[in-house]
Amino acid sequence: MWDQNLIEKYNVSGPRYTSYPTALSFDKDIKRILLIDKMMTSASRSLSLYFHIPFCAHLCYYCACNKIVTKQQSKADEYLELLEEEVRLKSLILNDTNRVTQLHFGGGTPTFLTVNQFKKLFAIIEQYFTLDTSGDHDFSVEIDPRQVSSEHIDLLVSKGINRISIGVQDFDLTVQKAIHRVQTFEQITELMQLLRRKQINSINFDLIYGLPYQSLNNFNLTLDKVIALKPDRVSVFNYAHLPERFAPQRRIDSDTLPDAKLKLELLELATRRLLEAGYEHIGMDHFAKPSDPLVTAKLQGRLQRNFQGYTTHAETALIGFGCSAISDINDAFVQNHTDMNLYKNSILNGQLPIAKGYIKTQDDIIRHQIIMQLICNLNLDISAIEACYGICFKDYFANEVLLLQPMIDDGILNINLTSSSYTLSVSASGRQIIRCICMVFDKHLPQRTAYSKVI
Ligand code: SF4
């Protein structure tokens, strides 16, 4: 249910909670040995590997990612050598855990790598890890439709890639020119047909609202095309214009951006059109077809959230490789250098390229559990939290309970108290502002201001 007044009232800046605490809380002064020790603790869980490929052949003006824009393919050769050494160093401390059930290539543009470079990367991975495709594996890659060949797809499929995310953003040519990312409907249609022929049954489209020259009319036409192509998942992200922080955004004329009112209308339009087309609202900005595993996981209360967004596999230990990559293992976050020279120098000196990290406290673990339950299930089982962590919710979260009261009064949250259970549920009107509800439980938030609006 779309309640404009409530959305405007609660539309403040806040994190997307792909982790708790978020990366802004990571500490560059933390002792490396403590983080390495956490990584060494034997994890019997299977692994989720993330590889960051930071290169892009073209610059999108809306970009806020960690990337290097270059046409020099040889830079990727050099980077692969660094990755190989990082994989070797990390495999030494991961003890006997090497079974991989989740694998993700992000960037940058992963398909900046040529087919041969990608083959080399898979050879490195397979030398140290076992890619387990025997069960419910989730191997994915982000694809730039302007930079991918059928040979890429053949290789990726042969290695077990079963999910592909395509950066669509918007189909309107004027919008595409303004963001310096021109890709035709025909290009994406051909890519979709190729992926379907290769039996890729999970294709995600990323869309962005709030881009220059977007209007209700032209975004509606974009949504017509998206719906016609039938992707399995659609993500509708908010463009946050922060040119003082992200240099590429200075090339976007702020006078051409939709105002706050129009942005809300664009999101409402996308939400309505996708729901009418039969997609389920997974949460926040994610939609999926009813047959998608995310919908099943949501119905069964198994939905999780990690750095890639909503997922069915967050129980794995995440190990990140490459510039800026983050690992999440044994209650610790470990982030690599974002600066390529620092990353390179660490590796060449035989050291893990750790820039900063964070070791979660018991309080972080409790709050993480609460935020994930709310953001994934729209429900908080307070009785289960009390039993699991040995706390009295009302005492432990006395301040938070006070902050929740106005939300209960506004009908965003409902308290359900019976003789056997005590739960908090998010109402239909609270779904769009779930981040605000989560923020109540975020103890790290007061000193943080660098977030985009929740809508
Ligand atoms: S948006 Fe993606 S493809 Fe475009 S410059 Fe940024 S990382 Fe590269």
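None of these values were measured; they are calculated from a predicted model.

So, the site of the ligand
The local shell around the ligand consists of Cys 56, His 58, Cys 60, Tyr 62, Cys 63, Cys 65, Gly 108, Thr 109 and Arg 181. Looking at the shell around the ligand residue by residue, the classes come out as 5 nonpolar, 3 polar and 1 charged.

A closer look at the pairing of strand β1 (residues 47-53)
Most of β1 is tucked away: 7 of the 7 residues are buried. Side chains Leu 47, Leu 49, Phe 51 and Ile 53 of β1 all project onto a buried face; the interleaved residues Ser 48, Tyr 50 and His 52 project onto the opposite face, where all are buried too. Bridge analysis of β1 against strand β4 (residues 99-107) gives 7 bridges, and the strand direction is parallel. Each residue of the ladder has a partner; that of Phe 51, found in β4, is Phe 105.

Focus: unusual backbone geometry
Pro 21 follows Tyr 20 through a cis peptide bond whose omega is -5°. Topologically, Pro 21 is positioned in the loop between α1 (4-10) and α2 (32-40). Along the chain, Gly 107 connects to Gly 108 via a cis peptide bond; the corresponding omega equals 15°. Counting through the fold element by element, Gly 108 comes out in the loop between β4 and α4 (115-128). At His 180, a residue that is not glycine, the phi angle is positive and equals roughly 60°. With respect to the element layout, His 180 can be found in the loop between α6 (173-178) and α7 (185-197). Overall, the relative accessible area of 36% leaves His 180 in the partly exposed class. For Ser 324, which is not glycine, the phi torsion reads 75° and is therefore positive. Among the structural elements, Ser 324 can be located in the loop between β14 (317-321) and β15 (326-329).

Overview of the side chain of Thr 101
Summarising the element assignment, Thr 101 is placed in strand β4. We classify Thr 101 as buried; its relative accessible area is 11%. Non-local contacts of Thr 101, meaning those with residues more than four positions away in its chain, are made with Ser 46, Leu 47, Asp 132, His 137, Asp 138, Phe 139, His 313 and Thr 316.

Considerations on the domain arrangement of the protein
Once the domains are mapped, the protein shows domain 1 (20-321) and domain 2 (362-444). On a C-alpha basis, the centroid separation for the pair domain 1 and domain 2 is 29 Å. The interface is formed by 13 residues belonging to domain 1 together with 17 residues belonging to domain 2. Here domain 1 and domain 2 share an interface that buries about 1,300 Å² over both sides, 57% of which is from carbon and sulfur atoms. Counting the contacts that link domain 1 with domain 2 gives 0 salt bridges.

What to know about the sheet that holds strand β18 (residues 379-381)
In space, the 3 strands of this open sheet follow the order β18-β20-β19, with antiparallel pairing throughout. Looking along the sheet, the strands with just one partner apiece sit at the ends: β18 and β19 (413-417). Pairwise comparison of adjacent strand axes, ignoring direction, gives a mean angle of 15° for this sheet. Summarising the sheet, β19 and strand β20 (residues 422-426) pair through 5 bridges and their orientation is antiparallel. Looking across to β20, one finds that Asn 414 is bridged to Ser 425. Sitting on the sheet, helix α12 (residues 362-377) is in contact with β18 and β20, with an inclination near 140° to β18.

Comments concerning the packing of aromatic side chains
Inspection of every chain in the model, using the stated rule, returns 16 aromatic pairs. Pairing Phe 393 with Phe 397 gives two aromatic rings, centres 5.0 Å apart and planes at 50°, and the pair type is tilted. Each member of the pair, Phe 393 as well as Phe 397, carries the same accessibility label: buried. Lying across the ring of Phe 321, Lys 90 places its NZ or CZ 5.1 Å from the centre.

Side note on the side chain of Ser 427
Along the chain, the position of Ser 427 falls in the loop between β20 and α16 (434-439). Note on Ser 427: relative accessible area 12%, which makes it buried. Polar contacts involving the side chain of Ser 427 include one to the side chain of Ser 429, which spans 3.1 Å. The contacts of Ser 427, once residues within four sequence positions are left out, are Gly 411, Ile 412, Leu 413 and Asn 414.

What to know about helix α5 (residues 150-158)
Listed as buried for α5 are His 152, Ile 153, Leu 155 and Leu 156. Within α5, the buried residues cover an arc of 165° as seen down the axis, which keeps them to one side. Against α4, β6 (138-143), β7 (163-169) and α7 lie the buried residues of α5. Of the residues flanking the end of α5, it is Gly 160, one or two places downstream, whose phi is positive at about 95°.

A word on the nonpolar core
If you look at the biggest cluster of nonpolar residues, it comprises 78 residues, and the most contacted ones within it are Leu 49, Phe 51, Leu 103, Phe 105 and Leu 121. If you tally residues by element for this core, the top one is helix α3 (residues 74-93), at 8 residues. Beyond its immediate stretch of four places on either side in the chain, Leu 103 contacts Leu 49, Phe 51, Phe 122, Ile 125, Leu 131, Asp 138, Phe 139 and Ser 140. Ile 371, Ile 375, Leu 378 and Tyr 389 belong to the second largest nonpolar core, which has 43 residues in total.

Quick notes on α7
In a regular helix each residue adds 1.5 Å, so 13 residues correspond to 18 Å; α7 covers 18 Å between its end C-alpha atoms and thus fits that length. Within the span of α7, buried status applies to Ile 188, Thr 189, Leu 191, Met 192, Leu 194 and Leu 195. Packed against the buried residues of α7 are β6, α5, β7, β8 (203-209) and α8 (216-229). Two residues or fewer after α7 comes Gln 199, characterised by a positive phi angle close to 65°.

What counts and what doesn't
- Residues numbered from 1 in each chain as written.
- Predicted model: local features only at pLDDT ≥ 70, side-chain atom pairs only at ≥ 80, totals over all residues.
- Heavy atoms only, no water.
- Near = heavy atom within 4 Å.
- Nonpolar A, V, L, I, M, F, W, Y, C, P; charged D, E, K, R; others polar.
- Buried < 20%, exposed > 50% of the residue type's maximum accessible area, 1.4 Å probe, protein only.
- Helix = DSSP H or I, 4+ residues; strand = E, 2+ residues; numbered from the N terminus.
- Pairing = 2+ DSSP bridges.
- Contact = heavy atoms within 4.5 Å.
- Domains from an automatic or database assignment.
- Buried area = accessible area lost by both parts, 1.4 Å probe.
- Salt bridge = Lys/Arg side-chain N within 4 Å of Asp/Glu carboxyl O.
- Axes fitted to C-alpha atoms, helices over the stretch in contact; angles between N-to-C directions.
- Phe/Tyr/Trp six-rings, centres within 6.5 Å; stacked < 30°, edge-to-face > 60°.
- Lys NZ or Arg CZ within 6 Å of the ring centre and 35° of its normal.
- Polar contact = N/O pair within 3.5 Å; in protein donor to acceptor, adjacent residues only side chain to side chain.
- Arc of directions from axis to C-beta.
- Core = buried A, V, L, I, M, F, W, Y, C linked by side-chain atoms within 4.5 Å.
- Expected span 1.5 Å × (residues − 1).

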